[in-house]
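Residues per chain are reported as follows:
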Amino acid sequence: MGSCRFCEDKGREAGQGPEKHCPTCEEGRICCKTSCDTRCTKCKSAASVSSATSGLIPSNKQRESCPTDKEESALESKETEPCSLLQKEREAARKAHELFGFHAPCADSFALDVVLGNIPPRSSKSIPPATYVPPVDAGDLQHKTRCLQCAGQGGLKPGWCEHPHELWNRNGSTLSPWALAVQIRNLLEKRAQLENELPPSVRALVMRRLGHLEQVARLWRELEDDHWLPDYADGLGEQIIGLRHAGISNLLPKRLQPEGNGYSCMDEHGQPWGRLRGQGSLVSRIETYMEEHGTSYDWISDWMGEVSGDSWSQWGKAMRIFWVRQRDQKKVKVLEHYWNNPLDPVTAAKTCSGLYASPSKVGLGYEKEPQLKRAWQIWHGFVQELLACTDFPNNDREARTVRLIRTENDAGLKANKLTPFEPKKDSEIKRGVCESSSIFKAFVNAGPHITLQTVPHIRVITCYFTERTGGANRCCLKEDHENEFIFLTHGIRCDYEPSGGSSTQVESDEDKYKGLFGDYAPFGSSSTQTQSNADKYKGLFDE
């Protein structure tokens, strides 16, 4: 019998017979002596790799059984035993569909599939080109991106998180936000039953996704009832979820409390304005966010600068047309707004429309409207999150309204059939498309007459809490003492509360209005004098 080459190579005592076949692979050769190696070189190398990567594979406590421990065999095999966790999720998805009367995923189950995570992310190559096509096996898609064995790698897939981005992956489908809001409300009616059908591995995450959809559905219902166009509403909802996913909403102050002068605010930590102003402010993050989403914050900051000096500047006029175009003009008619020319409102409205359409005048033009709209959907969404997340006086977060204070002059009251110094509840005053008011203290800019209006959150498009540009650390509008909110006015009724017999009486009776008035600049001691200064009110009041 010949000597063993394995022993000879390693300097061991020669064996009494030839080498043997490797018992693991049955192809390689090993030493004939039991005291030497029991695996061939190839098998030892494979074992070394398996040992180095064993920490990446979850233990049985982390996951249930998987198809096989031999990755190469699993990839080459045409039929493998499915992961038991996948089976549970598939069964849960089937039961969830049956709970709502669906035999399989379909267009009517789109919101449900979004909640369950069955919709591919927008960037996926598997997205159908034109319409929503649900997966064949509900529950498979997101499972395969979460399970280490099925995915072949650890961690959650980008996009699978508590923020349901997939709601906007409709790919040309005719599903409108109004229809989706109905689907979401139907899910909420059976929230508890749905939760019971979910396996523990995904239950908390899926229910958080449903919570976000609930808030989007409420927003959409408010916008539909208020005659907004579905296209704008859809994008607004998408950007609100986007802001949450970007971590911007989580950094909003929980509370803003006016201090000292009645309009400078501290957050819950005693910091002026929280992260709304100063170095590293949320406005800086919004600027970056807009760039990442194909638009520019310049649309917003330029408008703020223009209307701070003159609300009827070219930008101010053009943007009034923009907001008219975001609502159903059959129900919110153009001439139901004030256009700064009571003698010829048609011509005045056409002038504003011309400014909006002409890039030579304000640098806009209809061809740039998509970028402008996206910028405003992002900023409007940011304002909605601020109002929803932050406690401050006159903000009813539950009802989603703010109480705003606006002052009027004698001429403005008379033009709207109100008698100066005679209080009237639930009054109607015709105002411009978007106008400013104050949140804490009345800023008397033209006249002494106070009107109070309860304004839905969705109508507020900006407020003085933020800065105009990132790091500027000053009011985004004119000055803090105006404590200004800008909102869409159409159809919002008000309570007229007289301030006294004349401007002089307002000053002398200051204690009566303590806490309501801020800075006050009287124009005279009689209605006649106030009316004679009508040029001072141009562009600020209705008539």
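To keep things clear, this report deals only with the structure shown in the data block. (Residues numbered from 1 in each chain as written. Predicted model: local features only at pLDDT ≥ 70, side-chain atom pairs only at ≥ 80, totals over all residues. Heavy atoms only, no water.)

1. Section: the packing of helix 12 (residues 282-292) against helix 17 (residues 369-389)
Argument step 1. Packing of helix 12 against helix 17 leaves a shortest axis separation of 11 Å and a crossing angle of 150°. In terms of axis orientation, helix 12 runs roughly antiparallel to helix 17. For helix 12 against helix 17, the interelement crossing comes out right-handed. Across the interface between the two elements, L282, V283, I286, Y289 and M290 of helix 12 pack against A375, I378, W379 and F382 of helix 17.
Argument step 2. Per-class residue counts for the contact of helix 12 with helix 17 are nine nonpolar, no polar and no charged. (Axes fitted to C-alpha atoms, helices over the stretch in contact; angles between N-to-C directions. Helix = DSSP H or I, 4+ residues; strand = E, 2+ residues; numbered from the N terminus. Parallel < 35°, antiparallel > 145°, perpendicular 65-115°, else oblique. Left-handed = near helix turned anticlockwise from the far one by under 90°. Contact = heavy atoms within 4.5 Å. Nonpolar A, V, L, I, M, F, W, Y, C, P; charged D, E, K, R; others polar.)

2. Focus on unusual backbone geometry
Argument step 1. Even without being a glycine, K417 presents a positive backbone phi close to 60°.
Argument step 2. The residue K417 is located in the loop between helix 18 (410-415) and strand 7 (424-427) in this model.
Argument step 3. On the basis of relative accessibility, which here comes to 77%, the residue K417 falls in the exposed class.
Argument step 4. The phi angle at F421 is positive, at roughly 75°, despite the residue not being glycine.
Argument step 5. Position of F421 relative to the elements: it lies in the loop between helix 18 and strand 7.
Argument step 6. For F421, a relative accessible area of 26% gives the class partly exposed. (Buried < 20%, exposed > 50% of the residue type's maximum accessible area, 1.4 Å probe, protein only.)

3. Comments concerning the environment of T401
Argument step 1. Relative to the helices and strands, T401 resides in strand 6 (residues 401-408).
Argument step 2. Along the chain, T401 and T454 lie 53 residues apart, while their C-alpha atoms are 6.3 Å from each other.

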